[in-house]
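Notes for the structure review
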Amino acid sequence: MIGKKMENAINDQINEEMYSSYLYLSMAAHFENVKLPGFANWMRVQAKEEDFHAMKFYNYLISRGGVVKLKAIAAPGSEWKTPLSAFEAAYKHEQHITSRIDKLADIADSEKDRSAANLLQWYIDEQVEEERNAENIVHKLKMVGDSKGSLFMLDKELGKRTFTPPAAGAP
Ligand code: OFO
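Residues numbered from 1 in each chain as written. Predicted model: local features only at pLDDT ≥ 70, side-chain atom pairs only at ≥ 80, totals over all residues. Heavy atoms only, no water.

1. Structural notes on the layout of surface pockets
The following threshold applies: Think of a 1 Å grid over just the protein atoms. A cavity is a set of points where a 1.4 Å probe fits yet cannot get out, a pocket is an open set with protein on both sides within 12 Å along at least five of seven lines, and lining residues have an atom within 4 Å of a point. Grid points are joined across faces, edges and corners, and a volume is the space filled by probe spheres set on the points. Going along the chain from the N terminus, every DSSP run of H or I of four or more residues is numbered as a helix, and every run of E of two or more is numbered as a strand. Gly counts as polar in this scheme, as do all residues outside two lists: the nonpolar Ala, Val, Leu, Ile, Met, Phe, Trp, Tyr, Cys and Pro, and the charged Asp, Glu, Lys and Arg.
Approximately 240 Å³ is the volume found for the largest pocket. Along the walls of the largest pocket sit Leu 36, Lys 81, Thr 82, Pro 83, Leu 84, Leu 141, Val 144, Gly 145, Asp 146, Ser 147, Lys 148 and Leu 151, which together make up its complete lining. Residue assignment for the lining of the largest pocket shows that the elements contributing at least two residues are helix H3 (83–110), helix H4 (114–144) and helix H5 (148–158). When its residues are assigned to classes, the lining of the largest pocket shows 6 nonpolar, 3 polar and 3 charged.

What follows is the structure, given as structure tokens:
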């Protein structure tokens, strides 16, 4: 049976993950509007990843006899000045999520909840990839600069991304 403190913190994190999905879906819509379908595809796939993150916490809470409490999801922005500013925002958001996961891991440690700590290790590892993916694209966009041709090529590359559920871990 999961403790109340851990249960509340995981419920908050489900909301954070759902917001992440909303944010990336909004970015996908924005990229569709500015006719960058490859960027939009990348963001759609990212939104699916976030759904997976949310559902992993959701399923975990249920498996530990916890109560899932879904909360209102805040509205994300809907426009970004440039592809670079959108990906810089995504990168910053991932850094925020990493700090949230670290706080959850601190709670698991202080509550001596080894099962939650084990689950959170999966998210800690996942965040390394999440930050790196966003940062890589920020880096590429900086190299692209004002070159429309290079932006077109990058759009093609990002259009190839497909969703594969992240490697399974506990639970
Ligand atoms: Fe992007 O890692 Fe979850 O939120």
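2. Examining the nonpolar core
Grouped burial of nonpolar side chains is what soluble globular proteins tend to show. To be explicit about the condition: The criterion is simple. A nonpolar core is a set of buried Ala, Val, Leu, Ile, Met, Phe, Trp, Tyr and Cys residues joined through side-chain atoms within 4.5 Å. Under the scheme applied here, a residue whose accessible area is under 20% of the maximum for its type counts as buried, over 50% as exposed, and between as partly exposed, the area being computed with a 1.4 Å probe on protein chains only. Two residues form a contact once any of their heavy atoms are found within 4.5 Å.
Counting 24 residues, the largest nonpolar core has Phe 31, Phe 39, Met 43 and Phe 87 as the members making the most contacts within it. For this core, the elements supplying multiple residues, two or more each, are helix H1 (4–33), helix H2 (37–63), H3, H4 and H5. Setting aside anything within four residues of it in sequence, one finds Met 43 in contact with Tyr 24, Met 27, Ala 28, Phe 31, Phe 87 and Ala 90. Of all hydrophobic cores here, the second largest spans 18 residues; its members include Ile 2, Met 6, Tyr 60 and Tyr 123.

3. Quick look at the environment of Ser 147
Relative to the helices and strands, Ser 147 resides in the loop between H4 and H5. Note on Ser 147: relative accessible area 30%, which makes it partly exposed. Along the primary structure Ser 147 and Thr 162 are separated by 15 residues, whereas in three dimensions their C-alpha atoms are 26 Å apart.

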